[in-house]
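Here is what each chain is made of, one letter per residue.
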Amino acid sequence: MDKRQFLKGSCSILTGTMLSRFVSAEQSAAAAPRTNWAGNYTFHTDHLYEPKTTAEVQHLVTTSPKLRALGRGHSFNGIADSTAAQISLKNLTDITLDPAAHTVTVGSGVTYGQLAPVIDARGFAVHNLASLPHVSVIGACATATHGSGSNNKNLSSAVSAIELVDGTLHTLSRTANPDVFSGAVVNLGALGIVTHVTLDVQPTFEVAQVVYENLSMSHLEKHLDEIFLSGYSVSLFTDWQNHRITQVWIKHRLEPGETHTFAPEFFGAKPATRNLHPLAGHSAENCTEQMGIPGPWYERLPHFKMNFTPSSGAELQTEYFVPRDRAWEAILAVEQLRDRITPHLFITELRTIAADELWTSMAYQRPSMAIHFTWKPEWPDVRKVLPLIEEKLAPFNARPHWAKLFTTPPSTLHRLYPKMPDFQALLTHHDPHGKFRNQFLDTNIYGT
């Protein structure tokens with residue numbers, strides 16, 4: 001099955017005065033089960049609605065007893081799952097730029113890869129991008145997905161307004177609803193069905209990217225902050241063996257007319273002589289241009305090109321956020337498990353993220369370093385390793401990425417988020433009857 005096409009399936013036209021306008025991807029008994037992008041998670045309903053307008057979304061929300069929003073399927077757990085029905089907003093692809101306000105409003109079906117060239121052509125950019133441009137804007141913002149850069153907040157921090165349907169159509173904004181807006185942005189799909197999101201934009205810029213190989217962990221220990229501040233966006237890759245960082249990806253922001261010369265050596269690491277893939281031995285054809293060659297921000301900030309499948313096959317992902325001032329301690333703690341981790345690992349990426357004020361963001365009020373694991377598709381083995389990693393990271397109050405695999409108990413999650421009671425109250429206000437709740441929310445947000 002082509003995972004990028006997982007939303008496609010056999011379609012039937014629903015009857016009824018209003019529902020006759022909707023295309024429902026309800027599968028027949030013979031159809032293959034629908035999965036997420038990576039293929040590791042199979043959804044528990046064969047009812048998938050694909051409305052084309054906000055009015056159709058409103059009608060579906062009103063007439064459905066249970067409903068869960070589905071983005072582009074880049075989550076690795078059951079956060080978007082439902083045993084009743086899912087709704088895909090992939091047909092809501094409108095993009096409206098307001099140059100005077102420095103904002104852009106996008107439909108919930110828009111991906112960053114679709115958004116970026118449109119606003120760049122008008123002279124604008126968003127502040128950062130994730131490593132994959134294939135993710136939807138709303139899905140990334142609803143789960144606090146991020147790029148890298150010690151001075152860059154996560155992607156959700158650019159949201160200035162959201163339009164959502166919880167039975168009626170609401171618009172919440174940073175200026176009009178300051179008391180609750182910080183809780184509504186990283187909403188985990190629990191407030192209602194978000195139809196549009198408005199983002200802050202800034203003047204466009206270029207980025208030059210270079211990769212260095214074989215950085216000793218000893219240098220990282222002594223110069224961690226300096227290393228992560230060496231570019232606009234910096235990523236470190238390791239397999240946890242030999243006490244080394246295998247690759248350092250530095251993305252330097254260039255303002256108009258600016259040039260940048262990269263150093264011939266970086267804390268003992270040597271510059272790559274060709275484009276590299278984070279996984280040794282893999283072709284770099286699907287990776288964004290390196291070698292210090294300047295290019296548009298959206299063709300350099302992600303690690304992978306939009307028009308290529310970003311991995312060599314099925315994979316699993318896990319990520320934990322630790323306080324940046326304890327990053328080195330956390331790295332050493334995980335490194336102790338290297339011989340348990342490496343047999344099941346493709347690669348680990350280390351990135352830094354600035355603190356924000358979004359209630360359920362993993363970087364809430366805490367400058368952070370994220371420790372990301374891209375695993376081989378070996379869930380029974382990975383499942384045994386995750387509690388070991390979480391135990392090692394417990395002294396650092398590690399927050400797991402909401403859309404990736406973790407085994408952190410709900411009681412621990414609640415302790416890690418000081419505003420969790422306020423978030424629960426906000427959800428109850430917008431969804432008093434639990435229409436948008438699923439097992440993931442029942443366990444991790446409402447569980448004990």
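Residues numbered from 1 in each chain as written. Predicted model: local features only at pLDDT ≥ 70, side-chain atom pairs only at ≥ 80, totals over all residues. Heavy atoms only, no water.

The next point concerns the nonpolar core. In terms of nonpolar packing, the biggest core is built from 108 residues, with Trp297, Ile341, Phe373, Trp375, Leu393 and Trp402 touching the most fellow members. With six residues, helix H6 (residues 327–335) is the largest single contributor of residues to this core. Those residues in contact with tryptophan 297, other than ones at most four positions away along the chain, are Ala116, Ile119, Asp120, Phe124, Ala125, Val126, Leu129, Thr204, Phe205, Glu206, Val207 and Pro302. One finds Val57, Val61, Ile87 and Leu92 within the second-largest nonpolar core, a separate group that totals twelve residues. (Core = buried A, V, L, I, M, F, W, Y, C linked by side-chain atoms within 4.5 Å. Buried < 20%, exposed > 50% of the residue type's maximum accessible area, 1.4 Å probe, protein only. Helix = DSSP H or I, 4+ residues; strand = E, 2+ residues; numbered from the N terminus. Contact = heavy atoms within 4.5 Å.)

For the rest of this paragraph, the subject is empty space enclosed by the protein. Here the structure, examined in full by the defined rule, presents three cavities of 30 Å³ or more. Volume-wise, the second largest cavity comes out at about 40 Å³. What lines the second largest cavity is simply Leu129, Ala130, Ser131, Gly147, Ser148, Ser233, Ser235, Lys251, Leu301, His303, Glu349 and Arg351. Mapped by element, the contributors of at least two residues to the lining of the second largest cavity are strand E14 (233–238) and strand E19 (345–353). Each residue belonging to the lining of the second largest cavity can be placed in one class, and the counts come to three nonpolar, six polar and three charged. (1 Å grid on protein atoms, 1.4 Å probe; cavity = no way out; pocket = protein on both sides within 12 Å on 5 of 7 lines; lining within 4 Å. Points joined across faces, edges and corners; volume = space filled by probe spheres on them. Nonpolar A, V, L, I, M, F, W, Y, C, P; charged D, E, K, R; others polar.)

Let us now look at the packing of aromatic side chains. Inspection of every chain in the model, using the stated rule, returns 13 aromatic pairs. Here the aromatic rings of phenylalanine 406 and phenylalanine 440 are separated by 6.3 Å at their centres, their planes lie at 80°, and the arrangement is edge-to-face. With phenylalanine 406 in the loop between strand E21 (399–400) and helix H9 (410–416) and phenylalanine 440 in helix H11 (residues 439–444), this residue pair connects regions lying 34 residues apart in the sequence. The class for phenylalanine 406 is buried, based on a relative accessible area of 14%. For phenylalanine 440, a relative accessible area of 8% corresponds to the buried category. Feature note: the residues Phe205, Tyr232, Trp297 and Tyr298 constitute an aromatic cluster, connected by ring pairs. Of note, arginine 253 hangs over the ring of phenylalanine 205, and the distance from its end group to the ring centre comes to 3.7 Å. Its end group placed over the ring of tyrosine 446, arginine 437 keeps NZ or CZ at 3.6 Å from the ring centre. (Phe/Tyr/Trp six-rings, centres within 6.5 Å; stacked < 30°, edge-to-face > 60°. Lys NZ or Arg CZ within 6 Å of the ring centre and 35° of its normal.)

To continue, consider the pattern of salt bridges. Taken as a whole and judged by the stated rule, the model has ten salt bridges. With a shortest N-O distance of 2.4 Å, lysine 270 and glutamate 265 are connected by a salt bridge. A relative accessible area of 41% means that glutamate 265 is categorised as partly exposed. Note that arginine 326 is salt-bridged to glutamate 329, the shortest N-O span being 3.0 Å. A relative accessible area of 29% places arginine 326 in the partly exposed class. (Salt bridge = Lys/Arg side-chain N within 4 Å of Asp/Glu carboxyl O.)

As a further point, take helix H10 (residues 420–430). Among the residues making up H10, those that are buried are Met420, Phe423, Leu426, Leu427 and His430. Buried residues along H10 cover an arc of 115° about the axis, so they all sit on one side. Set apart from the buried face of H10 by more than 90 degrees, the exposed residues are Pro421 and His429. Here the buried face of H10 lies against strand E9 (159–165), strand E10 (169–173), helix H4 (181–184) and H9. (Arc of directions from axis to C-beta.)

The next point concerns the confidence of the model for the chain. Across the chain, the average pLDDT comes to 92, with 92% of residues at or above 70. Between residues 1–30, whose pLDDT stays under 50, and residues either more than four places distant or in other chains, the model counts 68 contacts. (pLDDT = per-residue confidence, 0-100.)

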